[in-house]
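Residue-level listing of the chains:
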Amino acid sequence: MSSRRSLRHLPIFILLLVLMGLSSFAAHRIAQQLGIADLQATGLHRLDLYTASLEREIGKYAFLPGTLGLERDVLDLLRKPVDNKLAPQVNAYLEQLNDRAGTLSIYVIDASGHVVASSNWRRADSFIGEDLSFRPYFREAIDSGNGRFFGIGTTRGEPGYYLASTLADESRTLGVAVIKVSLEQLEKSWSTVEAPVMVTDENGVVILGSVADWKFTTLRPLDENTRSAFDQTQQYNRRALKPLGLKEIQELDHGARLVRIAKEGPEMVTVYPVAGRFLAQSRPLPGTPWTLTVLSHLEQVDDIAQSRAALAGVGAAFLFMLGLMLDERRRHLKDRLAAREALQQAHDELERKVDERTADLSAANHLLQDEIAERIRAERTLRAAQDELVQAGKLAVIGQLSTGIAHELNQPLAALRTLSGNGVRFLDRGDLTTTRANLERIAQLVDRMGLITGQLRAFARKSSGQLQAVALCSALDNALALLEQRLSERGINIVRHCPLPEPFSLCDANRLEQVLVNLIGNALDAMDGQSAPCLEISCETIGQQARLTVRDHGPGLAEEALAHLFEPFFTTKEAGVGLGLGLTISAGIVRDFGGTLSGANHPAGGAIFTLEIPLTAEPRKP
Ligand code: ADP
């Protein structure tokens with residue numbers, strides 16, 4: 001896991017390293033170039049300074065050799081160099097002049113090259129008598145009037161700068177006056193400066209330098225010719241002239257170059273470093289074949305460049321890391337934004353769905369309300385139809401009953417006719433007892449007829465819809481009374497069972513009787529043709545319920561009848577006999593009373609219909 005992670009980061013790490021490397025390199029280059037440019041400016045300034053001081057130092061004495069030509073004694077001595085009495089005088093003069101001028105030595109050479117007078121005449125190693133015709137400054141002066149030369153003295157091995165001028169009278173060259181100047185003082189003043197400085201001659205030999213050990217070393221290898229010329233002129237008095245070990249690294253603008261000086265030999269005690277990399281700036285010294293070189297050490301520039309490079313590397317790493325962090329942060333923000341957007345989208349989607357569902361729901365609600373309204377309308381229509389049917393059912397029963405009723409009424413009517421006719425006759429005969437008996441019988445018959453028509457009217461009357469406490473056993477009796485004729489015609493054995501006290505239920509007496517008439521009528525139909533038909537009717541109370549049962553001993557309910565018993569217009573009876581509405585209407589009526597009606601087959605045969613209805617308290621008698 002971690003190795004995969006580090007592998008994933010490898011390109012970033014490499015990129016970081018490359019970036020650090022590049023920026024370090026660039027910073028190093030720039031810092032170095034700027035540092036070198038800075039050093040160059042300072043170096044040029046130093047060059048100006050040192051050149052001026054050297055020129056001044058040399059220029060100070062430039063006129064001095066020529067002035068000796070103004071001395072008669074000097075000229076006279078040159079005219080007759082051997083055994084001249086003037087020699088001591090001239091020597092003394094030169095000694096004095098040398099002291100005053102602060103030069104190393106002043107001497108006069110005759111035309112053959114021999115020293116005829118010298119400031120150091122007192123010393124044992126005085127120049128007097130020495131042949132210096134081989135010295136270049138002598139030749140130069142003879143040839144051109146003036147000679148300049150830096151060299152080491154042949155007698156005392158003292159380095160110095162020789163300035164020579166010819167001395168001549170009107171007709172010929174008499175000799176050469178030479179002044180040897182020490183540049184030690186100048187060198188000493190250079191040794192305290194911040195950067196090493198040196199003067200090289202035309203052969204690349206260091207003749208002056210702020211570093212003592214550099215003196216009389218060579219910047220470039222000397223060829224054999226030059227070396228043999230040195231031997232001849234004894235310019236460096238047979239010094240070894242070892243190479244300084246300066247190597248050029250790079251050429252820069254304005255004659256500047258980068259050089260390296262190898263560290264050799266024992267450590268030198270100097271105020272500045274004398275080995276390592278330097279910026280070398282050179283300038284030829286006017287009037288001499290010399291070159292003045294200022295060396296500025298690159299140590300500081302290198303240090304600064306290195307620290308800048310390190311700083312740039314760290315800075316680049318920091319910027320890179322910052323970039324990475326910002327990128328990471330940007331990505332993180334983008335992810336968060338995307339997540340928020342997704343969330344918003346999900347939210348919008350959810351809201352849209354909720355709106356849709358709400359719209360659906362409200363549509364469904366509207367539909368439901370419409371449906372409910374429709375149902376209510378249907379219910380009302382049904383109820384109206386049911387009421388109509390109840391009424392129609394009643395009329396059907398009335399129709400059914402009408403024959404019986406007609407028969408029932410015809411009988412008493414015929415009896416009335418007979419009794420009233422007999423009554424008149426018995427009255428005529430004066431038989432009042434029989435007449436009374438006839439009249440009483442007539443009254444009984446009329447009562448009975450009134451009862452029949454009253455019941456019929458009550459049955460046919462439309463229900464008021466007002467519920468009241470109804471005596472259940474009385475209702476049963478009324479129903480039986482309505483069917484009295486059929487029952488007696490068929491010789492039905494009625495087994496009636498009613499408890500005491502009589503139970504009451506909250507209902508409509510007429511409509512309850514209609515139900516019972518219907519149930520008993522069906523039972524009679526079922527037992528049609530039986531020899532000993534028996535009808536069992538009972539009323540009982542179970543808890544808060546009253547239960548009325550009508551059981552016949554007929555064939556019982558057929559399977560199809562059981563399935564469709566309470567469906568309207570279901571009948572197994574012949575057309576015109578049954579409408580198939582009786583049980584439907586009855587069940588509806590019972591339901592209105594808060595009760596139930598059910599039909600089943602009795603285990604011992606026949607059908608049994610059970611009507612259950614809530615009990616109510618017996619009403620108080622007025
Ligand atoms: P209808 O008497 O006009 O046919 P009902 O709704 O009163 O209409 O009765 C429906 C049917 O139920 C009858 O046709 C009959 O088949 C059956 N039925 C009702 N009562 C009885 C019963 N006591 N015994 C056998 N079948 C019955």
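Everything below is about the structure printed above this text.
None of these values were measured; they are calculated from a predicted model.

A.B. asks: Would you explain the overall build of the protein in this entry?
C.D. replies: Check the secondary structure of the protein and you find 14 helices and 18 strands. Considering only contacts in the protein between residues 6 or more positions apart, those separated by 24 or more positions represent 61%. For the protein, the exposed surface amounts to about 35,800 Å²; the carbon and sulfur share of it is 56%.

A.B. asks: Mind showing me how you'd approach the pattern of salt bridges here?
C.D. replies: When their charged atoms lie close together, side chains carrying opposite charge are able to pair. Under the definition given, this model contains 20 salt bridges. Between R330 and D327 there is a salt bridge, with the nearest N and O atoms lying 2.8 Å from each other. Of the two residues, R330 and D327 are both situated in helix α8 (residues 299-429); the distance of three residues between them amounts to about one turn of the helix. Since its relative accessible area comes to 23%, D327 is described here as partly exposed. Here R551 and E536 are joined by a salt bridge, their closest N and O atoms 3.7 Å apart.

A.B. asks: So what exactly am I meant to see when it comes to the site of the ligand here?
C.D. replies: The immediate surroundings of the ligand are formed by 20 residues, with N522, D552, T571, T572 and K573 found nearest. For the ligand, an oxygen atom lies 2.6 Å from a polar atom in the side chain of T571. For the ligand, the protein covers 92% of the area, taking 530 Å² as the surface of the free molecule. Per-element tally for the shell around the ligand: the top contributor is helix α12 (residues 509-526), with four residues. Here the shell around the ligand is composed, by residue class, of ten nonpolar, eight polar and two charged.

A.B. asks: Help me understand the side chain of T435 in this model?
C.D. replies: Position of T435 relative to the elements: it lies in helix α9 (residues 432-460). Reaching out from T435, the side chain makes a polar contact with the backbone oxygen of D431 at a distance of 2.7 Å. Here T435 is in contact with G423, F426 and L427, once residues within four sequence places are set aside.

A.B. asks: Which parts of the structure should I look at to understand the side chain of S119?
C.D. replies: Position of S119 relative to the elements: it lies in the loop between β2 (115-118) and α5 (136-144). Relative accessible area serves as the criterion here: at 6%, S119 is assigned to the buried category. Once you skip the residues sitting within four places of it in the chain, S119 turns out to touch N91, L94, E95, N98, S105 and I106.

A.B. asks: Help me understand the nonpolar core, please; the structure alone is not making it clear to me.
C.D. replies: Across soluble globular proteins, nonpolar side chains have a tendency to be buried as a group. Counting 46 residues, the largest nonpolar core has L54, W190, V199, W290 and L292 as its most contacted members. Top element by residues in this core is helix α1 (residues 2-62). It accounts for five residues. Discounting residues that sit within four places of it in the chain, L54 has contacts with L183, L186, W190, V199, L208, L285, W290 and L292. Grouped together as the second largest cluster of nonpolar side chains are 44 residues, L512, L557, V590 and F609 included.

A.B. asks: I would appreciate a short explanation of the sheet that holds strand β9 (residues 256-261) in the present structure.
C.D. replies: By way of backbone hydrogen bonds, the strands of a sheet pair with one another, either parallel or antiparallel. As summarised here, the arrangement of the six strands in space is β7-β6-β11-β10-β9-β8, forming an open sheet in which the pairing is antiparallel. Every other strand in the sheet has two partners, leaving β7 (206-209) and β8 (246-251) as the edge strands with one partner each. Each adjacent strand pair in this sheet contributes to an overall mean axis angle of 35°, direction not counted. In this fold helix α6 (residues 184-191) packs onto β6 (197-200), β7 and β11 (291-297), with an angle of close to 60° to the strand it touches most, β7.

A.B. asks: Would you mind going over the packing of helix α3 (residues 72-79) against helix α4 (residues 86-101) with me for this structure?
C.D. replies: Packed helix pairs are specified by the crossing angle of their axes together with the interaxial distance, meaning the distance between the axes. The interhelical angle for the contact between α3 and α4, taken along N-to-C directions, is 135°, at an axis separation of 9 Å. The angle between the axes of α3 and α4 places the two elements in the oblique class. When you trace α3 past α4, the crossing you get is left-handed. Here D73, V74, D76 and L77 of α3 lie close against α4, whose contacting residues are L86, A87, Q89 and V90. Its residues assigned to classes, the contact of α3 with α4 shows five nonpolar, one polar and two charged.

Rules and cut-offs
- Residues numbered from 1 in each chain as written.
- Predicted model: local features only at pLDDT ≥ 70, side-chain atom pairs only at ≥ 80, totals over all residues.
- Heavy atoms only, no water.
- Helix = DSSP H or I, 4+ residues; strand = E, 2+ residues; numbered from the N terminus.
- Contact = heavy atoms within 4.5 Å.
- Areas by Shrake-Rupley, 256 points an atom, 1.4 Å probe, with all protein chains shown as cover.
- Salt bridge = Lys/Arg side-chain N within 4 Å of Asp/Glu carboxyl O.
- Buried < 20%, exposed > 50% of the residue type's maximum accessible area, 1.4 Å probe, protein only.
- Near = heavy atom within 4 Å.
- Polar contact = N/O pair within 3.5 Å; in protein donor to acceptor, adjacent residues only side chain to side chain.
- Nonpolar A, V, L, I, M, F, W, Y, C, P; charged D, E, K, R; others polar.
- Core = buried A, V, L, I, M, F, W, Y, C linked by side-chain atoms within 4.5 Å.
- Pairing = 2+ DSSP bridges.
- Axes fitted to C-alpha atoms, helices over the stretch in contact; angles between N-to-C directions.
- Parallel < 35°, antiparallel > 145°, perpendicular 65-115°, else oblique.
- Left-handed = near helix turned anticlockwise from the far one by under 90°.

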